[in-house]
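Tertiary structure, described
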Amino acid sequence: MRYEFKYIVKNSDLDRLRSMILPFVTVDKFAEVDHKNQYTVRSIYFDTFRYDFYIEKVEGIKNRKKVRLRGYEKEDGNNIVFFEIKRKYDIPIMKFRAPVKFEDALDMFKSRNINGQVVSNEFFPKGNENSKRFFYQVFSKNLRPVVLIVYEREAYQDKMDDTVRVTFDKNLRSQAYPSIEGLFEEDKLTDALSGKFILEVKFNNHFPSWLNPIISTFSLRKQSASKYVISMDSSKVVSNFTKSTLFIKSQFPSH
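1. Description of the pairing of strand 8 (residues 165–176)
Counted residue by residue, strand 8 has 10 buried out of 12 residues, so it is predominantly covered. As defined by bridge partners, strand 7 (residues 144–158) adjoins strand 8 across 10 bridges and the pair is classed as antiparallel. Residue pairing in the sheet places Gln157 in a bridge with Arg165 of strand 8. In this structure, strand 8 lies alongside strand 9 (residues 190–191), joined through 2 bridges in antiparallel fashion. The partner of Ser174 across the bridge, within strand 9, is Thr190.

2. Remarks on unusual backbone geometry
The phi dihedral of Asn171 falls on the positive side, at around 55°, and the residue is not glycine. With respect to the helices and strands, Asn171 occurs in strand 8. The residue Tyr177 is not glycine, and still its phi comes out positive at about 50°. With respect to the secondary-structure elements, Tyr177 resides in the loop between strand 8 and strand 9.

3. Considerations on the packing of aromatic side chains
Geometrically, a pair of aromatic rings is defined through the distance of the ring centres and the angle of the planes. Scanning the model with the defined rule gives 22 aromatic pairs in all. Ring centres 6.2 Å apart and planes at 80° place the aromatic pair Tyr72 and Phe82 in the edge-to-face group. Of this pair, Tyr72 sits in strand 4 (residues 63–72) while Phe82 sits in strand 5 (residues 80–89), placing them 10 residues apart in sequence. Take Tyr72: its relative accessible area is 24%, and that puts it in the partly exposed class. Given a relative accessible area of 10%, Phe82 falls into the buried group. Here a set of aromatic residues connected by ring pairs shows up, and it is made of Phe46, Phe83, Phe109, Phe134, Phe135 and Phe139. In this structure, Lys222 is placed above the aromatic ring of Phe5, and the distance from its NZ or CZ to the ring centre is 4.7 Å.

4. Examining a nonpolar patch on the surface
Residues Met1, Tyr89 and Met94 make up a contiguous nonpolar surface patch of roughly 280 Å² in combined accessible area. Here Met1 is to be found in the segment before strand 1 (3–10). Relative accessible area serves as the criterion here: at 57%, Met1 is assigned to the exposed category.

5. Section: a negative patch on the surface
Negative charge collects at one region of the surface, where Glu75, Asp76, Glu185 and Asp187 lie side by side. Tracing the sequence through the fold places Asp76 in the loop between strand 4 and strand 5. On the basis of relative accessibility, which here comes to 47%, the residue Asp76 falls in the partly exposed class.

6. Points about the nonpolar core
Most often, soluble globular proteins keep nonpolar side chains buried together rather than apart. Among the nonpolar cores identified, the biggest contains 28 residues, and Phe46 and Phe83 are the most heavily contacted of them. Counting residues per element, the ones that place at least two in this core are strand 3 (39–47), strand 4, strand 5, strand 6 (93–101), helix 3 (102–111), helix 4 (127–140) and strand 7. The contact partners of Phe46, leaving out residues within four places of it in the chain, are Phe53, Val67, Arg68, Leu69, Phe109, Phe134, Leu143, Arg144, Pro145, Val146, Ile180 and Tyr228. The next biggest cluster of nonpolar side chains, apart from the first, holds 23 residues, and it includes Val41, Tyr54, Ala155 and Leu193.

7. A look at the pattern of salt bridges
Within this structure, the stated rule accounts for 21 salt bridges. Among the salt bridges present, the one from Arg165 reaches Asp28, with a minimum N-O distance of 3.1 Å. Placement of the pair is Arg165 in strand 8 and Asp28 in the loop between strand 2 (25–27) and strand 3, with a sequence separation of 137 residues. Exposure remark for Arg165: the relative accessible area of 15% places this residue in the buried category. Looking at Asp28, the relative accessible area reads 3%, which means it is buried. Each of the salt bridges in this network shares a partner with another, and the network as a whole consists of Glu4, Lys6, Lys86, Arg153, Asp169, Glu200, Lys202 and Lys227.

Analysis parameters
- Residues numbered from 1 in each chain as written.
- Predicted model: local features only at pLDDT ≥ 70, side-chain atom pairs only at ≥ 80, totals over all residues.
- Heavy atoms only, no water.
- Buried < 20%, exposed > 50% of the residue type's maximum accessible area, 1.4 Å probe, protein only.
- Helix = DSSP H or I, 4+ residues; strand = E, 2+ residues; numbered from the N terminus.
- Pairing = 2+ DSSP bridges.
- Phe/Tyr/Trp six-rings, centres within 6.5 Å; stacked < 30°, edge-to-face > 60°.
- Lys NZ or Arg CZ within 6 Å of the ring centre and 35° of its normal.
- Patch = residues over 30% accessible without salt bridge, like charges linked within 9 Å, V, L, I, M, F, W, Y side chains within 5 Å.
- Areas by Shrake-Rupley, 256 points an atom, 1.4 Å probe, with all protein chains shown as cover.
- Salt bridge = Lys/Arg side-chain N within 4 Å of Asp/Glu carboxyl O.
- Lys, Arg positive; Asp, Glu negative; His and termini not counted.
- Charge placed at Lys NZ, Arg CZ, Asp CG, Glu CD.
- Core = buried A, V, L, I, M, F, W, Y, C linked by side-chain atoms within 4.5 Å.
- Contact = heavy atoms within 4.5 Å.

As structure tokens, this is what we get:
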């Protein structure tokens, strides 16, 4: 089980916040590539025609899930992407991931042949199993891509506990109803969280004590900061009328 605490921070506080955490962290190995200290995260989120996953999050349902296709940086011939299911059980989080080449992922969506194309290695021993979990959700619930979410992630690890990650997720942008092929496209993205970024703290056992006074210095408040909900709202994927209708239906399901 893993825990995530999130905070929304003003861009004007970024440099000062970074300088205050640097004595306690090292740059994440994935962020060190090309000495950029950050990388681009791209995710296509899937939902039902009733937007069940969105409604579950907005209404604070404790046991809920997100289904997404995730990639990184820019497209090239060898891109590895991930089929992901992120499940939340009240506060703890579990993530199921399956790595696959982007071109193979496109083929799996088109052909519905989900066998034999997942990259199998020691880091993802349950890759094939997790791929089947993913496509079970997609096919059984008739999921469709509803939003593309892109941001730059500045990532750090705690020097004393490498299970603790601190990330700054910046320049959040999104596109409504993308195609699967459009995972790496940029031209239709619009700002989703202008003037702010999301601070995330991920840990297994204990919130890092050194971070508490820093959080207090900036008067930050732990809050729901779902990039999925923020981006769905900013892209106006779900209208206010539709939100009300869907909520009413969720309270009185048909039999």
